[in-house]
Amino acid sequence: MKGMLRRMADGGAKLFAARVPGTIDTLPQSIMDLHTWILWAAMALGLAQIPFIINLFWSIKHGEKVKSDNPWQSTTLEWQTPTPPPHGNFAVAPRITAAPTIQCCPATPPDFFPQNEPPQ
C-alpha cells in the first residue's frame, strides 16, 4: 500500500504528519487501522506455534529413540550413511549398482534394494 514509515514502529501514528491529511509521507487512517489487524494476526501466529514447541520438547524427553540409521528403509544413498557420518559421509566411496526404488511402507516385506547393494 503506502508502506511503513522508516524508523517508526507505530507507522507514524503519534507524529503530527500522520494526523494531518494531505501532508507528505502521511498514512491514511485506513492504512493505520491495518496495523491493528496485523498485530492480532502476528499474535495468533505466535500462539499457533505453542503446540509445536510443546510437542518438540515432549518428544525430546519422552519420544521413542530411533534404533536404526535408516528407520524408513529408504533406498537412496543419503540413508546409507552411518550415524554420525564420518568425514565425507562415507568411510569408503559407495559403488552404485542400481537406481533408487520406492517401497510403499516399512511394515511390508522388503521389496527394495539399496543403491549401493547388488540386486538379489
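Residues numbered from 1 in each chain as written. Predicted model: local features only at pLDDT ≥ 70, side-chain atom pairs only at ≥ 80, totals over all residues. Heavy atoms only, no water.

Re the packing of helix H2 (residues 29-48) against helix H3 (residues 50-62)
The relative placement of two packed helices comes down to the angle between their axes together with the axis-to-axis distance.
Line of reasoning, step 1. Contact pair H2 / H3: the axes reach a minimum separation of 4 Å and the direction vectors enclose 20°. Taken together, the axes of H2 and H3 are roughly parallel relative to one another. For the pair H2 and H3, the contacting residues are Gly-46, Leu-47 and Ala-48 in the first and Ile-50, Pro-51 and Phe-52 in the second.
Line of reasoning, step 2. A breakdown of the residues in the contact of H2 with H3 according to their chemical character gives five nonpolar, one polar and no charged. (Axes fitted to C-alpha atoms, helices over the stretch in contact; angles between N-to-C directions. Helix = DSSP H or I, 4+ residues; strand = E, 2+ residues; numbered from the N terminus. Parallel < 35°, antiparallel > 145°, perpendicular 65-115°, else oblique. Contact = heavy atoms within 4.5 Å. Nonpolar A, V, L, I, M, F, W, Y, C, P; charged D, E, K, R; others polar.)

Re the pattern of salt bridges
Line of reasoning, step 1. Here the structure, examined in full by the defined rule, presents one salt bridge.
Line of reasoning, step 2. Notably, a salt bridge pairs Glu-64 with Lys-67, separated by 3.4 Å at the nearest N-O pair.
Line of reasoning, step 3. On the basis of relative accessible area, Glu-64 is assigned to the exposed category, the value being 70%.
Line of reasoning, step 4. Residue classification places Lys-67 among the exposed residues on the basis of a relative accessible area of 74%. (Salt bridge = Lys/Arg side-chain N within 4 Å of Asp/Glu carboxyl O. Buried < 20%, exposed > 50% of the residue type's maximum accessible area, 1.4 Å probe, protein only.)

A few points about a nonpolar patch on the surface
Line of reasoning, step 1. Taken together, Ile-53, Leu-56, Phe-57 and Ile-60 make up a surface patch of nonpolar side chains, about 410 Å² in accessible area.
Line of reasoning, step 2. Its location among the elements puts Ile-53 in helix H3.
Line of reasoning, step 3. Overall, Ile-53 belongs to the partly exposed group, its relative accessible area being 45%. (Patch = residues over 30% accessible without salt bridge, like charges linked within 9 Å, V, L, I, M, F, W, Y side chains within 5 Å. Areas by Shrake-Rupley, 256 points an atom, 1.4 Å probe, with all protein chains shown as cover.)

With respect to the side chain of Thr-81
Line of reasoning, step 1. Looking at the element boundaries, Thr-81 is found in the segment after H3.
Line of reasoning, step 2. Aside from chain neighbours lying at most four places away, what touches Thr-81 is Asp-69, Asn-89 and Phe-90.

A look at the environment of Thr-81
Line of reasoning, step 1. Owing to a relative accessible area of 12%, Thr-81 belongs among the buried residues under this scheme.
Line of reasoning, step 2. C-alpha of Thr-81 to C-alpha of Pro-94: the two residues are 13 residues apart in sequence and 9.8 Å apart in space.

Digging into unusual backbone geometry
Line of reasoning, step 1. In this structure, Asn-89 takes a positive phi of about 75° despite not being glycine.
Line of reasoning, step 2. Topologically, Asn-89 is positioned in the segment after H3.
Line of reasoning, step 3. Residue classification places Asn-89 among the partly exposed residues on the basis of a relative accessible area of 43%.

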